[in-house]
Amino acid sequence: MFKQTLMATIIALSLTHFNTVSAASSHEDSQRDHSMEEANESHHASKNLSKTIQLGPRPYFLVNDMDPSELKKELTKCGKGPFKKTDFSIGHRGASMQFPEHTKESYEAAARMGAGIIECDVTFTKDRELVCRHSQCDLHATTNILATPLAAKCTSPFVPAVIDPVTGKTITPASAQCCATDLTLEEFKSLKGKMDAVNPNATTVAEYMNATPSWRTDLYAATGTLMTHKDSIALFKKLGVKMTPELKSPSVVMPYEGDYTQQQYAQQMINDYKEAGVNPSQVFPQSFNLPDILYWINNDQEFGRQAVFLDGRYDDPSFDHRYPATLTPSMPELSAMGVNIISPPMWMLLDLDVENNIVPSDYAIAAKSSGLDIITWTFERSGLLKNGGGWYYQTITNAINNDGDKYEALDVLAQDVGIMGIFSDWPASVTYYANCKGL
Ligand SMILES: [Ca+2]
Ligand SMILES: [Ca+2]
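From a predicted model like this one, the values you see are computed outputs, not experimental measurements. (Residues numbered from 1 in each chain as written. Chains lettered and ligands numbered in written order. Predicted model: local features only at pLDDT ≥ 70, side-chain atom pairs only at ≥ 80, totals over all residues.)

The helix and strand tally for the chain stands at 16 helices and 17 strands. Evaluated residue by residue, the chain yields a buried proportion of 41% over its 439 residues. (Helix = DSSP H or I, 4+ residues; strand = E, 2+ residues; numbered from the N terminus. Buried ≥ 20, exposed ≤ 12 C-beta atoms within 10 Å, placed from the backbone.)

With that settled, the discussion passes to the environment of Ala-152. Structurally, Ala-152 is set in the loop between helix 6 (139–142) and strand 4 (156–159). The exposure class assigned to Ala-152 is exposed, which follows from the 8 C-beta atoms found within 10 Å. For the pair formed by Ala-152 and Cys-178, sequence separation is 26 residues and the distance between their alpha carbons is 9.6 Å.

The next point concerns the nonpolar core. Ile-118, Phe-309, Leu-349, Leu-413 and Ile-422 are the most contacted members of the largest nonpolar core, which has 107 residues in total. The element contributing the most residues to this core is helix 15 (residues 405–417), with seven residues. Contacts of Leu-413, omitting those with residues within four sequence positions, involve Met-346, Leu-349, Thr-376, Ile-419 and Ile-422. (Core = buried A, V, L, I, M, F, W, Y, C linked by C-beta atoms within 7 Å. Contact = placed C-beta atoms within 7 Å.)

Here we come to helix 15. The terminal C-alpha atoms of helix 15 lie 17 Å apart, and with 13 residues this matches the ideal 18 Å at 1.5 Å per residue to within 8%. Listing the buried residues of helix 15 in full gives Asp-405, Lys-406, Tyr-407, Ala-409, Leu-410, Val-412, Leu-413, Ala-414 and Val-417. Residue Gly-418 follows helix 15 closely and has a positive phi angle near 80°. (Expected span 1.5 Å × (residues − 1).)

Turning our attention to the packing of helix 9 (residues 229–239) against helix 10 (residues 262–275). Here helix 9 crosses helix 10 at 35°, and the two axes come no closer than 10 Å. As for how helix 9 packs across helix 10, the hand of that crossing is right-handed. Within the contact between the two elements, helix 9 uses His-229, Lys-230 and Ile-233 and helix 10 uses Met-269, Asp-272 and Tyr-273. Residues of the contact of helix 9 with helix 10, tallied by class, amount to three nonpolar, one polar and two charged. (Axes fitted to C-alpha atoms, helices over the stretch in contact; angles between N-to-C directions. Left-handed = near helix turned anticlockwise from the far one by under 90°. Nonpolar A, V, L, I, M, F, W, Y, C, P; charged D, E, K, R; others polar.)

Further remarks concern the confidence of the model for the chain. Taken over all residues, the pLDDT of the chain has a mean of 91, while the share at 70 or more is 88%. Taken together, the stretch residues 1–48 has pLDDT below 50 and engages in five contacts with residues farther than four places along the chain or on a different chain. (pLDDT = per-residue confidence, 0-100.)

Let us look at the pairing of strand 2 (residues 115–124). Most of strand 2 is tucked away: 10 of the 10 residues are buried. Bridge count for strand 1 (residues 86–91) against strand 2 is three bridges, and the pairing is parallel. If you follow Ile-90 over to strand 2, its bridge partner there is Ile-117. Of the strand pairs in this sheet, strand 2 and strand 10 (residues 242–247) are connected by six bridges, and their pairing is parallel. Pairing of Val-122 across the sheet is with Leu-247, part of strand 10. Count of turn residues in the strand 2/strand 3 (residues 130–132) antiparallel hairpin: five residues, of which Arg-128 carries a positive phi of about 60°. (Pairing = 2+ DSSP bridges.)

The buried count for strand 16 (residues 373–379) comes to five of seven residues, which makes it a mostly enclosed element. Both strand 13 (residues 341–343) and strand 16 contribute to a ladder of two bridges, which runs parallel. What sits directly across from Ile-341, in strand 16, is Asp-373. For strand 16 and strand 17 (residues 421–424), the ladder comprises three bridges, and the chain directions are parallel. When the sheet's bridge partners are listed, Phe-379 is paired in strand 17 with Ser-424.

What follows covers the environment of Gly-193. Along the chain, the position of Gly-193 falls in strand 8 (residues 192–193). What Gly-193 contacts, discounting residues up to four positions off in sequence, is Pro-100, Glu-101, His-102, Thr-103, Thr-142, Thr-143, Gly-224 and Leu-226.

Printed below as a string of structure tokens:
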């Protein structure tokens, strides 16, 4: 121990000496030394980052929980790693299963877990600055705003639940609505991120805010640092990850205040990457709104090439993903418009055969045969899978009855559907699979 300390002191002293000499040399030399140091530092930083990809116990837990299969054997053998960053693993709102979504901490956790691409959902404030939030009006659920003086600025203040005094049942649920457009950027940045949840039976603000499901946690919610879109770009550059911003539909009427159009908003998001000097190959802009995608394709081709059309048409009662030929626009029509990447929820890509094996859906086959690439969502967003997996597994419910089954579904998405990547609330689980399979 003493020897090590002594050695460290000697090295430190000789470094000090070297620096003194270097500082005394010509201005040009010292400039060159400085840039060499910077190059070395950034080399070390990226080397260190790839060395510190850590997946934690969860992937091992999931593999162990799998029913016996060849896939289980294969995934078990990959337990020693090495683990590295992969674009197949996309951080959904960061690592939002256990970190407050769209915070610095959540994004850093996603990068640590090997996500090669990380998401900022984009909306705007009162002063038209872009910020990372899943919805323009979710601040009452995703931040501490109701516990701060800024609560007075909310579109709708907190209203407690009305509880029947006899039965104890909720007659009218608690409510509040706080929007990014209620605040300036400076006010927005003063808030702290929390886990996304509200308690509809609450009679106090504290009860309303305290609603995190048991399989998530508030353990990392004390310091959630909110991010502007520009902050996210700077952080993602530093972390060495690609970026997938989603232009969220505004909750306010567009054009906002009469003169801020949807197109200006879509362009502003792209301009932030241009100003930061980010190569378009690093950016996958997303939207559920097809006109946004077409705007990028037609007006900013370099960024439009990797635009991701989020297919949310399942909300339309006339839409049936099982009959892809009947969809409007169809897969060939989307492709002809210049759309290269389509992004439905994972259940739309999966189906069961007569023996309850998970197989690609006709929608998935149609997308691939029209030359569309596919990114899907969302892994690790469903809690425990013992009861069929819920919304994200709705087309394969009968094949899902334990947590390890999610790797069987992921394997079909990766190998048989041929997805490019998948959003996950806990990127480690996807990184483990992708590293094992060489993706
Ligand atoms: Ca999103
Ligand atoms: Ca099972």
